[in-house]
Amino acid sequence: MSAVESVSAEARDRAGKGAARATRRAGRVPAVIYGDKKEATLITLDPKAIDKLIHKKAFFATLLDIDLGGKKHRVLPRDVQFDVITDRTLHVDFQRVNKDTKIHVNVPVVVRNEAAAPGIKRGGVLNLVRHEIEFICSPDNIPQSVEVDLTGLDIGGSIHISAVKLPEGATPTIRERDFTLVTIGAPSGMKADAEATPAAGAAAPAAGAAAAAPAKGAAAAAPAKGGAAAAPAKAAAPAPKKK
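Residues numbered from 1 in each chain as written. Predicted model: local features only at pLDDT ≥ 70, side-chain atom pairs only at ≥ 80, totals over all residues. Heavy atoms only, no water.

What follows concerns the confidence of the model for the protein. Here the protein averages 83 in pLDDT, and 77% of its residues register 70 or above. Low pLDDT, under 50, characterises residues 215-236; the predicted model gives this stretch 1 contact beyond four residues in sequence or across chains. (pLDDT = per-residue confidence, 0-100. Contact = heavy atoms within 4.5 Å.)

As structure tokens, then:
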């Protein structure tokens, strides 16, 4: 059973931007509850209460019971709008759910046992390829997180979704491939050494060939063993006599 948070709400009777601005001026946050083949319900929330929930990890994978005049609505957060300057919560959308609803939720990836990873001890860089995984599940089976154990993972190693124990009753939306969750890359110093080694190896034969070139030319100019010396240069013709 997924954990359920509770929050109180008040009804509001008007929709639209003007009504929403009036709600915010009154110190409340406008919100809406929709779905489950029922009419949308317009509500307002206490900003402190909803902000406390919004800033919790995995807010969008958290079930809420909204108490509206003594009647509880089981919902899942679907969207939050923030003021781009003040970061104040402007509006929240909630979807009604029941035990038979199939929902899509993004579940955070949590890394465990970094100290037990040889690659981290050697200075490797942890790369969290996926911060979240999208699952299809029922509201009662929403996972709070997906744990990835780094024990034994060395530099160059990676962990894929097939190596992780998945939450019961939850299926990843990506099923056609074994996607990567985390990798451990080489530290920058090790990368530089690896790149310098092939370059140095390639430079050594080139230097040897360059050094051999003059010697080869000198050998060609010298007479062969047992052969005649090179013919002397032809003397210049004498100048004609004056008559």
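What follows covers the sheet that holds strand E6 (residues 89-96). The strand order E1-E3-E2-E6-E5-E4 describes a closed barrel built from 6 strands, whose pairing is mixed. Direction aside, neighbouring strands of the sheet carry axes that sit 45 degrees apart on average. One ladder, built from 7 bridges, connects strand E5 (residues 71-82) with E6; its direction is antiparallel. Of the residues in E6, the one forming a bridge with Leu76 is Gln95. Packing of helix H1 (residues 17-25) onto the sheet brings it into contact with strand E2 (29-35), strand E3 (38-45) and E6, and relative to E2 it is tilted by some 130 degrees. Strand contacts of helix H2 (residues 47-54): strand E1 (4-11), E2, E3, strand E4 (63-68), E5 and E6, with the helix running at about 70 degrees to E6, the strand carrying the most contacts. (Pairing = 2+ DSSP bridges. Helix = DSSP H or I, 4+ residues; strand = E, 2+ residues; numbered from the N terminus. Axes fitted to C-alpha atoms, helices over the stretch in contact; angles between N-to-C directions.)

Attention now moves to the pattern of salt bridges. Proximity of charged atoms lets side chains of opposite charge pair with each other. For the structure on display, the rule yields 7 salt bridges. Across the pair Lys38 and Asp36 runs a salt bridge, and its minimum N-O distance is 3.9 Å. You can call Lys38 exposed: its relative accessible area is 53%. Here Glu147 makes a salt bridge to Arg112, at a shortest N to O gap of 3.2 Å. Here the residue Glu147 occupies a position in strand E10 (residues 146-149), and Arg112 occupies one in strand E7 (residues 103-112), the gap between them amounting to 35 residues. Take Glu147: its relative accessible area is 46%, and that puts it in the partly exposed class. (Salt bridge = Lys/Arg side-chain N within 4 Å of Asp/Glu carboxyl O. Buried < 20%, exposed > 50% of the residue type's maximum accessible area, 1.4 Å probe, protein only.)

Take H1 next. Buried residues of H1: Ala19, Ala20, Thr23 and Arg24, and no others. One side of H1 holds all its buried residues, which, seen down the axis, span an arc of 140 degrees. Exposed residues on H1 whose side chains face more than 90 degrees from its buried face are Lys17 and Arg25. Looking at the buried residues of H1, the elements they touch are E2, E3 and E6. Immediately beyond the C-terminal end of H1, within one or two residues, lies Gly27, with a positive phi of roughly 85 degrees. (Arc of directions from axis to C-beta.)

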